[in-house]
Amino acid sequence: QVQLVESGGGLVQPGGSLRLSCVVSGRIFSRDGMGWFRQAPGKERELVAAINWTGGSTYAADSVRGRFTISRDNAKNTVYRQMNRVKPEDTAAYYCAVGPPSGLGYSRKEYNYWGQGTQVTVSS
C-alpha cells in the first residue's frame with residue numbers, strides 16, 4: 001500500500017521560512033517523479049513544484065519561483081519543500097504526490113498517489 005505522509009506545516013509570519021517533508025512508503029521511491037501541490041480555500045489545487053527521480057531537474061510555479069525550492073533524499077524516501085520569504089497568499093493546504101516515472105509532471109492528472117496534506121498559514 002502506497003502511503004505519503006507530510007509534515008512541517010504550521011503558522012509562520014510573513015517573510016519567514018518553513019520546511020515541509022513528505023515520506024513515501026510502499027513504492028520504489030527513487031524511480032518516481034514527485035510534486036508539491038497546494039490548495040487554498042475556494043481555489044483549485046495547483047502544482048507549485050516538481051522534481052524528477054534523480055533530483056537533477058525541478059520545476060517551480062511562477063508564484064513561488066525564487067522563494068521555494070524542492071529537493072529529495074532517495075535514501076530516506078523523502079521529498080522536501082523549503083519555503084522562504086513566505087507571503088499571506090501562500091496560505092494553503094500543501095500536498096505531496098507521486099508523479100510520472102523518472103520525469104517531471106506538470107499536470108494534476110499525472111499524479112496518482114497523494115498525501116493527506118499539511119496546513120500552512122502565513123499570518124502575523
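A brief report on the enclosed structure follows. (Residues numbered from 1 in each chain as written. Predicted model: local features only at pLDDT ≥ 70, side-chain atom pairs only at ≥ 80, totals over all residues. Heavy atoms only, no water.)

**Overview of the overall build of the chain**
Worth spelling out the cut-off: Helix and strand assignments follow DSSP, with helices taken as H or I runs no shorter than four residues and strands as E runs no shorter than two, numbered in order from the N terminus. As a reference, a globule follows 2.2 Å times the number of residues to the power 0.38, and the radius of gyration itself is taken over C-alpha atoms. The buried label goes to any residue with under 20% of its type's maximum accessible area, the exposed label to any with over 50%, and the partly exposed label to all in between, with areas taken from a 1.4 Å probe on protein chains only. We call two residues contacting when some pair of their heavy atoms lies within 4.5 Å. For the accessible areas, the method is Shrake-Rupley and the probe is 1.4 Å, while residue cover comes only from the protein chains on display. Charge assignment in this entry is limited to Lys and Arg as positive and Asp and Glu as negative, and neither His nor the chain termini are counted. To locate a charge, take atom NZ for lysine, CZ for arginine, CG for aspartate or CD for glutamate.
Across its full length, the chain carries 0 helices and 11 strands. What you see in the chain, going N to C, is helices and strands ordered as β-β-β-β-β-β-β-β-β-β-β. Computed over the C-alpha atoms, the radius of gyration of the chain is 13 Å, within 12% of the 14 Å expected from 2.2 N^0.38 for a compact globule of 124 residues. A total of 124 residues make up the chain; the buried ones form 46% of that total. Long-range contacts, defined here as pairs at least 24 residues apart, represent 59% of the contacts in the chain between residues at least 6 apart. Split by element, the accessible area of the chain, about 6300 Å² in all, is 46% carbon and sulfur. Of the charged side chains in the chain, 15 are positive and 9 negative, and the gap between their average positions amounts to 3 Å.

**Overview of the environment of Gly-115**
Its location among the elements puts Gly-115 in the loop between strand S10 (113–114) and strand S11 (118–122). Given the relative accessible area of 11%, Gly-115 is considered buried. In this view, Gly-115 contacts Leu-4, Glu-6, Tyr-95 and Cys-96; residues no more than four positions away in its chain are not counted.

**Considering the sheet that holds strand S7 (residues 68–73)**
Counted only if it meets this: Here, any two strands with at least 2 DSSP bridges between them count as paired. Axes, fitted as lines to C-alpha atoms, cover a helix only where it is in contact. Angles between the N-to-C directions of the axes lie from 0 to 180 degrees.
The strand order across the open sheet built from 4 strands is S1-S3-S8-S7, with neighbouring strands paired in antiparallel fashion. Pairing within the sheet leaves two strands with one partner each, and these edge strands are strand S1 (3–7) and S7. For this sheet, the mean angle separating the axes of adjacent strands, direction not counted, is 15 degrees. Relative to strand S8 (residues 78–83), strand S3 (residues 18–25) is paired through 6 bridges, and the arrangement is antiparallel. Residue pairing for S8: Cys-22 is matched across the bridge by Val-79.

**Points about the state of the cysteines**
As a reminder of what qualifies: Note on terminology: pairs of cysteine sulfur atoms within 2.5 Å are recorded as disulfides.
Tallying each qualifying case throughout the model produces 1 disulfide. Paired through a disulfide, Cys-22 and Cys-96 show a sulfur-sulfur distance of 1.9 Å. Since a negative S-S torsion denotes a left-handed disulfide, the Cys-22-Cys-96 link at about 50 degrees is right-handed. Within this pair, whereas Cys-22 is found in strand S3, its partner Cys-96 is found in strand S9 (residues 92–101), the two being separated by 74 residues in sequence. Of the two residues, Cys-22 and Cys-96, neither departs from the other in class, the shared state being buried.

**A few points about the pattern of salt bridges**
As a reminder of what qualifies: One speaks of a salt bridge when a side-chain nitrogen belonging to Lys or Arg is within 4 Å of a carboxyl oxygen belonging to Asp or Glu.
Scanning all chains against the criterion turns up 5 salt bridges. In this structure, the salt-bridge partner of Asp-90 is Arg-38, at a minimum N-O distance of 2.9 Å. Of this pair, Asp-90 sits in the loop between S8 and S9 while Arg-38 sits in strand S4 (residues 32–39), and the two are 52 residues apart along the sequence. Classification of Asp-90 by relative accessible area gives buried; the value is 0%. For Arg-38, a relative accessible area of 6% gives the class buried. One salt-bridge network, in which partners are shared between bridges, spans Arg-38, Glu-46, Arg-67 and Asp-90.

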